[in-house]
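# Structural characterization, general
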Amino acid sequence: MIELIELNKSFDDIKAVNNVSLKISDGEVFGLVGTNGAGKSTILRTIAGVYKPDSGIVCVDNRPVYDNPDVKKDIFYISDEQYFFPNCTPEDLADFYGTVYDNFDKQRFFDMLNGFMLDKSRKVNTFSKGMKKQVSILLGLCAGTKYMLCDETFDGLDPVVRQGVKSLFAAEMSDREFTPVIASHNLRELEDICDHVGLIHLGGVILSEDVSDMKVCMQKVQCVFASEEDESKALEGLDVLIHDKRGRLHTITVRGEREHVEKSFKRGEMIFFEVLALTLEEIFISETEVVGYDIRKFIMG
Amino acid sequence: MTSANLSWGDKIKANRKSMGKRRLWAYVLVLPAMAVAFVVPLLLYLLRAINYANDYAQTREVLLYEKQWSVLRIIGFDSPLIAVVGLMGVIYAFMGFSYLFSKSKLDFYLSLPTTSARRVLNAFAVALSNFTCILLAVEIAAILVAAIFGALSGPVLIAVLIQTIRMLVFFYACFTMTTLAIMLCGTRIIAILMAAFLLCITCVFSLEMYGLKRVFFVTFSRKSIPSPFLSPVYDAYTGYTGSLDALKLYDRAPYKMADIMSTYMNNVFACDMDMIFTAVLATVAVYFIYKHRRAEHIGKTVILRPVRWVLKVIGCIVTSLAGMIVIYILYSKVWNHSLYIVLCVAMLVICILMGCLIEIVLDANVKSFSKGKSQTLMALAILLLIFFIYRGDLIGYDCYVPKASSVEYCALYTHEPYGYYSMYDETRTRYIKNNMRVKDVEPFLQMARVSMDYSRSKREAKRPSGWPMTLTYKLKNGKTVYRNVTIPYDIDPDLMDKVTSSDEFKKGYVPCFGDIIASENVDLYFETRSEYKVLLRIDPQEFLECYRQDVMENYKFSSLKNGRYVGRVEITADMIDRFDTYEYPLGENYSHTIEYLKKYNIYPKSFDIDLDKVTEVNITNNWPGYDFDSNTDEEVADMYNGIHSYDFTEKNYTDKEQLKEIVSNVDSSYSDGDWAYIYDKDEVQYWMSMKCKDNYGGESYVNCNFLRHKVPQFVKEDLNN
């Protein structure tokens, strides 16, 4: 388990991570979601042992990670800007990682390269951005580490490859102890792969929940009230996150389970009522809007 | 199969293969570059020596000497290629730690399962092993080339091995100091500047302290060698010049290699120790700084705020002092002491400007020029302190005379280094340096006090009248202290006799005691104002014994100040590959030498200039408008030394009557030489050059002066109206 307790990290006057506490349980795909500059990469780098926390604790299986090679042997980190040795081939990388990670499986790596139609003898610097990411992911999978930290790694992968990687992750998780942590702001990509999502905004955690729970606990309702009195009756006592009104059509995002929300709305008379499915992106927008990150500010100024 | 199944040996092999591949480009680039730098010049030098020997029919001994010297010059301790090695150290440091300037590389390397200490250690090990392999390979190739050409001997090989070790130490020192600079900086450009700063700052600062002494102290001697510490660059430079000194001392003869090496090791021992100490200190600093170095420091100019402060303060001080010294050098020809105010103001202005500039560079932002005022103020305060310490001589530099009990021996250098020798690479200065050891220090120190007081009192004078000399104190603590002084003309003669009449002084000051004229073809020429005679194929020892006897019996201050030289003996020795010339001024009381010259019939019966031989006289008045004739001797001495005239008048005389009057008033003796006081004997305002017919049908020129108060009236009328 990866545990972050009151983690703080600043760069001069800029607070990149503000008192973050998170638990990443073993055996789940953890999605780290956040606005640009929220601190996702900083958190991943801290977990990978690249950054030393200013204060707070980062523990991997109850061991501090910074400058601790024993812990780092369990972590494979794929940075948002991957580095490969000049003029190296996937074969060279396999040789290198073979000396670094005890459980690196070179043969499996070559097989997987074949599966993804990547030439092991071709120079990596001639690969496309997406191909380089594939190489990194395959290296990570074959390193045999317990944790794999992926920073924006899925951005730029084509849908087929993404699906393939998801399958590999699933297979890996079923075969051995494997916990991928994926940071991204492309929520549609994370939605069908992550079991748990941590929402980061301005260096702090807004929420950390299972994706399924998240969707259950937030509802998006479209309705037309008969009168303003009915509107008041329906919304009374509800935790309204977003309330958008166009003409007589109301679009309301409310915190709460579907049954409870439907019951509450029925207190007022409605001409039209429908509960819509919430995407992870909508949950993200709703939650961040609550803490002041309003997309409309960018559009309307 | 996973890596866990691999044996430990297989893992090492795999790692080495991977490392080897990644470092291959370094071998590919550095190895040929080093080979070109070391082996090719050696080959060319050796071929040149052989060609030269063939063309000029050199003996086998001379050829061997030239070949061995070629080896020493390229791979021995006379090798300037140590500079290339230092440059390699800087390049390797940037190669090994360039990942600190790249975020993606940092992410990659810092996330690998290793510790930061192991990572640094690995970079050090790779750089050192790589460069050592390359250097040794190149050295072995060069030694093989030298051996094939028959240019090796035991001592030469030892010299090469010693230099190889010194090169490795220098490489390590430059590598570590550059690594320290990289650790302290977050951008490549600032790291390059920082590396230059760390490698050169103590050297620059030490040279500036040397320059400040030159600016402010009247007794400063250029013989005082700046001795920076923690400066491998200066240490390497001193090692190179130290080798040249040692080689010169022993005439660059490889058969004297044991002596050369011993002298060389003594010359450079302190520098080598400093280089090693600096390297160790930098290694320790790297260790501590790396512990503070974080991935997030990338992009910052200087990662630690205190280092940034120190950098700025030192940068301001060093540039301001340098600026001040440059201004002094520019104005030194027209220097007057009110310009010290200009110096001080310039120094402060430069400091403020540098403060702004450093802030702009460190922030990479023009708007930051006004930041860091406290550091600029600190630099200004330190500069003012330095200025007033030097201006007020608070360190007592200009009155320093050591206690007799702390002095091992003293020496006195004349400022005319070439008087006795026109010999290859030899000077009187070097003779005195190697031979004068005056142990009776009391009279010497007393003379030093008088001279220091006099020099201080004449601070404003450009050239105070007196004998300019350099005092040297070899202290018992191993230090050597030099002071330039002017010994006043009116110094107590008894005191100076005590100083100059000791055997230690004579044997150390008059170079004839060290002359070994090892040639079978030695000729003697005796030159007076009136004649020039030659004695071919002499036995130099016979002459030297007479001359040395005369010096031991007659050389002392009082007789030299008041006596005259009647002529000059010149001995020329054919040394096969060169001619060495030795000059011996002949005092009027040097009876043994005069007897020697008489024995061989080359001592003239008369020293008067033969009017019949004089065809023309050119007289120059170097001080038009002055009349030295009407001044006292002391006034003339002051005027002669103190007034610089850019104007002059001259005239040629051919009229027989005028020539007769001129010749009858000419001083036919020599007035130069040690401790000569000419102002009561010669009229120094006028110089003349006489064109005379010689005994061989040609013409020669004789330079001389009028006797004091004997300038003919027509000369004054012609040249001083």
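Residues numbered from 1 in each chain as written. Chains lettered and ligands numbered in written order. Predicted model: local features only at pLDDT ≥ 70, side-chain atom pairs only at ≥ 80, totals over all residues.

## What to know about the overall build of chain B
Cut-off, in case you're wondering: A run of H or I in DSSP becomes a helix once it reaches four residues, and a run of E becomes a strand once it reaches two; helices and strands are each numbered from the N terminus. Residues with at least 20 other C-beta atoms within 10 Å of their own are called buried, those with 12 or fewer are called exposed, and the rest are partly exposed. The C-beta atoms themselves are positioned from the backbone.
Scanning chain B for helices and strands turns up 22 helices and 11 strands. Evaluated residue by residue, chain B yields a buried proportion of 35% over its 721 residues.

## With respect to the overall build of chain A
Across its full length, chain A holds 12 helices and 14 strands. Based on the C-alpha atoms only, the size of chain A along its principal axes is roughly 70 × 40 × 40 Å.

## As for the confidence of the model for chain A
Put simply, the rule is: Per residue, pLDDT captures the predictor's confidence, and it can take any value from 0 to 100.
Confidence in the prediction of chain A, expressed as mean pLDDT, is 87, and 96% of residues score 70 or more. For chain A, helix 12 (residues 295–300) of chain A is the element with the lowest average pLDDT, namely 45, and strand 6 (residues 75–78) of chain A is the one with the highest, namely 95.

## Here we look at the sheet that holds strand 9 (residues 649–653) of chain B
Residues and elements named next belong to chain B. Applied cut-off: The criterion for strand pairing is that DSSP finds at least two bridges linking the strands in question. Axis angles are defined between N-to-C directions and span 0 to 180 degrees, where every axis is a line fitted to C-alpha atoms and, for a helix, only to the segment in contact.
Overall, antiparallel pairing links the four strands, which are arranged 9-8-10-11 in an open sheet. Only two strands of the sheet have a single partner each, and these edge strands are strand 9 and strand 11 (699–707). Mean inter-strand twist for the sheet, computed between neighbouring axes without regard to direction, equals 20 degrees. Bridge analysis of strand 10 (residues 682–693) against strand 11 gives eight bridges, and the strand direction is antiparallel.

## A few points about unusual backbone geometry
Glycine aside, residues mostly have negative phi, and peptide bonds are mostly found in the trans state. Residue and element names in this part refer to chain A. Despite not being glycine, Asp61 has its phi angle at roughly 50 degrees, a positive value. Looking at the element boundaries, Asp61 is found in the loop between strand 4 (55–60) and strand 5 (63–64). Residue Asp61 is classed as partly exposed on the basis of its C-beta count, with 13 C-beta atoms lying within 10 Å. Positive phi, close to 55 degrees, is recorded for Met117, a residue that is not glycine.

## Notes on the domain arrangement of chain A
Residue and element names in this part refer to chain A. Defined as follows: Annotation comment: domain bounds sourced from an automatic or database domain assignment. Two residues qualify as being in contact provided that their C-beta atoms, derived from the backbone, are within 7 Å of each other.
With domains assigned, chain A is organised as domain 1 (2–208) and domain 2 (217–297). Once you take the C-alpha centre of each, domain 1 and domain 2 turn out to be 36 Å apart. Residue-level contacts link 11 residues of domain 1 with eight residues of domain 2. Listing elements by their share of the side of domain 1 that touches domain 2, those giving two or more residues are helix 7 (187–191), strand 9 (196–201) and strand 10 (204–210).

## Examining the packing of helix 3 (residues 82–97) of chain B against helix 5 (residues 116–148) of chain B
Residues and elements named next belong to chain B. Put simply, the test is: Roughly parallel means an angle under 35 degrees; roughly antiparallel, over 145; roughly perpendicular, 65 to 115; everything else is oblique. Crossing chirality is assigned from the near helix's rotation relative to the far helix, an anticlockwise turn below a right angle marking it left-handed and a clockwise turn marking it right-handed. Residues are grouped as follows: Ala, Val, Leu, Ile, Met, Phe, Trp, Tyr, Cys and Pro are nonpolar; Asp, Glu, Lys and Arg are charged; all remaining types, including Gly, are polar.
The interhelical angle for the contact between helix 3 and helix 5, taken along N-to-C directions, is 140 degrees, at an axis separation of 10 Å. Taken together, the axes of helix 3 and helix 5 are oblique relative to one another. Taken as a pair, helix 3 and helix 5 cross one another with a handedness that is right-handed. Seen from helix 3, the contacting residues are Met88, Tyr92, Gly96 and Phe97; seen from helix 5, they are Ala123, Val126, Ala127 and Phe131. Its residues placed into classes, the contact of helix 3 with helix 5 shows seven nonpolar, one polar and no charged.

## A word on the sheet that holds strand 6 of chain A
Through backbone hydrogen bonds, the strands of a sheet pair up, either in parallel or in antiparallel fashion. Residue and element names in this part refer to chain A. The strand order across the open sheet formed by six strands is 6-7-8-3-9-10, and the pairing between neighbours is mixed. Each of the sheet's edge strands pairs with one partner strand only, and the pair in question is strand 6 and strand 10. Looking at each pair of strands side by side, their axes are set apart by 15 degrees on average, direction ignored. Here strand 3 (residues 30–34) pairs with strand 9 via five bridges, running parallel. Across the sheet, Gly31 pairs through a bridge with Val197, a residue of strand 9.

## Some details on the confidence of the model for chain B
Residues shown with low pLDDT carry predicted positions that ought not to be read at fine detail. Residue and element names in this part refer to chain B. Mean pLDDT over chain B: 87, with 92% of residues reaching 70 or higher. In this model, residues 1–6 is a region of pLDDT below 50 whose contacts with residues beyond four sequence positions or in other chains number 15 contacts. Here the predicted complex scores 0.80 on pTM and 0.85 on ipTM.

## Some words on the pairing of strand 2 (residues 14–24) of chain A
Residues and elements named next belong to chain A. Sheet topology places strand 1 (residues 2–11) next to strand 2; seven bridges connect them, and they run antiparallel. Directly across from Leu7, in strand 2, lies its bridge partner Val20. The hairpin turn running from strand 1 into strand 2, its antiparallel successor, is two residues long, and Asp12 in that turn takes a positive phi close to 55 degrees.

## Let's talk about the nonpolar core
The condition that has to hold: Any nonpolar core is a set of buried residues, restricted to Ala, Val, Leu, Ile, Met, Phe, Trp, Tyr and Cys, that join up through C-beta atoms within 7 Å.
With 157 residues, the main nonpolar core has Leu149 of chain A together with Leu42, Ala142 and Ala181 of chain B as its most contacted residues. Considering every element that reaches this core, the biggest residue donor is helix 6 (residues 154–184) of chain B, with 16 residues. Structurally, this core is a two-domain feature, drawing no fewer than three residues from each of domain 1 (2–208) and domain 2 (217–297) of chain A. In contact with Leu149 of chain A, other than residues within four places in its own chain, are Leu44, Ile47, Ala48, Ile75, Tyr77, Ile78 and Val181 of chain A. Counting residues in each nonpolar core, the second largest holds 44 residues, with Leu412, Val551, Leu560 and Tyr596 of chain B among its members.

## Observations concerning the interface of chain B and chain A
Contact with chain B, which involves 27 residues of that partner, is made by 31 residues of chain A. For the side of chain B that touches chain A, the secondary-structure elements that each account for two or more residues are helix 1 (8–55) and helix 4 (103–111) of chain B. With eight residues, the single largest contributor to the side of chain B that touches chain A is helix 4 of chain B. Here the residues of the side of chain B that touches chain A sort into nine nonpolar, nine polar and nine charged.

## Description of the environment of Leu72 of chain B
Residue and element names in this part refer to chain B. Within the secondary structure layout, Leu72 lies in helix 2 (residues 60–74). Overall, Leu72 belongs to the buried group, with 24 C-beta atoms counted inside 10 Å. Setting aside residues up to four positions removed in sequence, Leu72 forms contacts with Phe77, Asp78, Val156 and Ala159.

## Considering the environment of Phe513 of chain B
Residue and element names in this part refer to chain B. Here Phe513 is to be found in the loop between helix 16 (503–509) and strand 4 (522–527). Residue Phe513 is classed as partly exposed on the basis of its 17 C-beta neighbours within 10 Å. Separated by 228 residues in the primary sequence, Phe513 and Ala285 have C-alpha atoms spaced 53 Å apart.

## A closer look at the environment of Ser21 of chain A
Residue and element names in this part refer to chain A. Inspection of the secondary structure puts Ser21 in strand 2. Here Ser21 falls in the partly exposed class, since 14 other C-beta atoms lie within 10 Å of it. Residues Ser21 and Glu152 lie 131 residues apart in sequence; the distance between their C-alpha atoms is 21 Å. With residues up to four places along the chain from it excluded, the contact list for Ser21 reads Leu4, Ile5, Glu6 and Val205.

## As for the packing of helix 4 (residues 106–115) of chain A against helix 5 (residues 129–142) of chain A
Residues and elements named next belong to chain A. At their nearest, the axes of helix 4 and helix 5 sit 9 Å apart, and the two run at 145 degrees to each other. For helix 4 against helix 5, the interelement crossing comes out right-handed. On helix 5, the residues that touch Arg108, Phe109, Met112 and Leu113 of helix 4 are Leu138, Leu139 and Cys142. Split by residue class, the contact of helix 4 with helix 5 holds six nonpolar, no polar and one charged.

## Re the pairing of strand 6 (residues 565–574) of chain B
Two faces make up the sheet, and in a regular strand the side chains alternate between them. Inspection of the sheet shows strand 4 of chain B paired to strand 6 of chain B by six bridges, in the antiparallel sense. Across the sheet, residue Val522 of chain B finds its bridge partner in strand 6 of chain B, namely Ala573 of chain B.

## Section: helix 7 (residues 188–216) of chain B
Each turn of an α-helix holds 3.6 residues, which means side chains three or four residues apart point in the same direction. Residues and elements named next belong to chain B. Keep this limit in mind: Here a helix's expected span is defined as the number of its residues, less one, multiplied by 1.5 Å. We define the bend at any residue as the angle between the axes fitted to the seven residues before and including it, ending there, and the seven starting there.
With 29 residues, helix 7 should cover 42 Å at 1.5 Å per step; its first-to-last C-alpha distance of 40 Å lies within 8% of that length. The sharpest bend along helix 7 comes to roughly 50 degrees, located at Cys200. For helix 7, the set of buried residues is Ile190, Ala191, Met194, Ala195, Leu198, Leu199, Cys203, Val204, Glu208 and Leu212.

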